[in-house]
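# Notes for the structure review
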Amino acid sequence: QVQLVESGGGLVQAGGSLRLACAASGSPFSILAMGWYRQAPGKQRELVAGISSGGSSNYAGSVKGRFTISRDNAKNTVYLQMNSLKPEDTAVYYCRSLACWGQGTQVTVSS
């Protein structure tokens, strides 16, 4: 089993940056693929970025070039660096591993 706790959300102006972190515990971290998802009100949860146990990453087309996912296995943590934020990035961002989800962290981008 794994427990996930997100942090780093907040309110930023368009064009600004945030760095989200997801700390994992309770299970070997280095073997797990991890992902960041987001959900805006009234919309389906969507994959933003994923990273494999080997460090390979993938991104939604809407964030590619602006967001970067990374992991630090020594710290059991996965990060999402978000640059050039847009109002349409406003959502609750969730960390996921297998069937386990974090509680989410709110990101709000003002115009």
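You'll find the structure just up there.
Residues numbered from 1 in each chain as written. Predicted model: local features only at pLDDT ≥ 70, side-chain atom pairs only at ≥ 80, totals over all residues. Heavy atoms only, no water.

## With respect to the packing of aromatic side chains
- This structure, assessed with the given rule, holds two aromatic pairs.
- Centroid distance Tyr 37 to Trp 101: 4.9 Å. Interplanar angle 65 degrees. Geometry classified as edge-to-face. Taken together, the residues span a long stretch of sequence, with Tyr 37 in strand β4 (residues 34-39) and Trp 101 in strand β10 (residues 100-101) at a distance of 64 residues.
- Classification of Tyr 37 as buried rests on a relative accessible area of 18%.
- When its relative accessible area of 34% is taken as the criterion, Trp 101 is described as partly exposed.
- Linked through ring pairs, Tyr 37, Tyr 94 and Trp 101 together constitute an aromatic cluster.
- Arg 19 extends its terminal NZ or CZ atom over the ring of Tyr 79, reaching a point 4.0 Å from the ring centre.
- Lying across the ring of Phe 29, Arg 71 places its NZ or CZ 4.6 Å from the centre. (Phe/Tyr/Trp six-rings, centres within 6.5 Å; stacked < 30°, edge-to-face > 60°. Helix = DSSP H or I, 4+ residues; strand = E, 2+ residues; numbered from the N terminus. Buried < 20%, exposed > 50% of the residue type's maximum accessible area, 1.4 Å probe, protein only. Lys NZ or Arg CZ within 6 Å of the ring centre and 35° of its normal.)

## Thoughts on the sheet that holds strand β7 (residues 67-72)
- Pairing is antiparallel in the open sheet, where four strands are placed in the order β1-β3-β8-β7. Both outer strands of the open sheet, β1 (3-7) and β7, are each paired with one neighbouring strand and no more. With direction set aside, neighbouring strand axes in the sheet form an average angle of 15 degrees.
- Note that β7 and strand β8 (residues 77-82) share six bridges and pair antiparallel. Bridge pairing links Arg 71 to Val 78 in β8. (Pairing = 2+ DSSP bridges. Axes fitted to C-alpha atoms, helices over the stretch in contact; angles between N-to-C directions.)

## Quick look at the nonpolar core
- Grouped together as the largest cluster of nonpolar side chains are 28 residues, with contacts concentrated most on Met 34, Trp 36, Val 78, Leu 80, Met 82 and Tyr 93.
- Only β3 (18-25), β4, β5 (46-51), β7, β8, β9 (91-97) and β11 (105-110) provide two or more residues apiece to this core.
- With four residues, the single largest contributor to this core is β3.
- Met 82 has contacts with Gly 16, Ser 17, Leu 18, Leu 20, Arg 66, Phe 67, Tyr 93 and Val 107, leaving out every residue within four places of it along the chain. (Core = buried A, V, L, I, M, F, W, Y, C linked by side-chain atoms within 4.5 Å. Contact = heavy atoms within 4.5 Å.)

## What to know about the state of the cysteines
- In this structure the tally under the stated criterion is one disulfide.
- The disulfide partner of Cys 22 is Cys 95, and the gap between their sulfur atoms is 2.1 Å. On the sign convention where negative means left-handed, the S-S torsion of about -85 degrees between Cys 22 and Cys 95 marks this disulfide as left-handed. You can see Cys 22 sitting in strand β3 and its partner Cys 95 sitting in strand β9, a full 73 residues away along the chain. The pair formed by Cys 22 and Cys 95 is uniform in burial state, with each residue classed as buried.
- In this model Cys 100 remains outside any disulfide bridge; the closest cysteine sulfur is found in Cys 95, 10 Å from its own. (Disulfide = S-S within 2.5 Å.)

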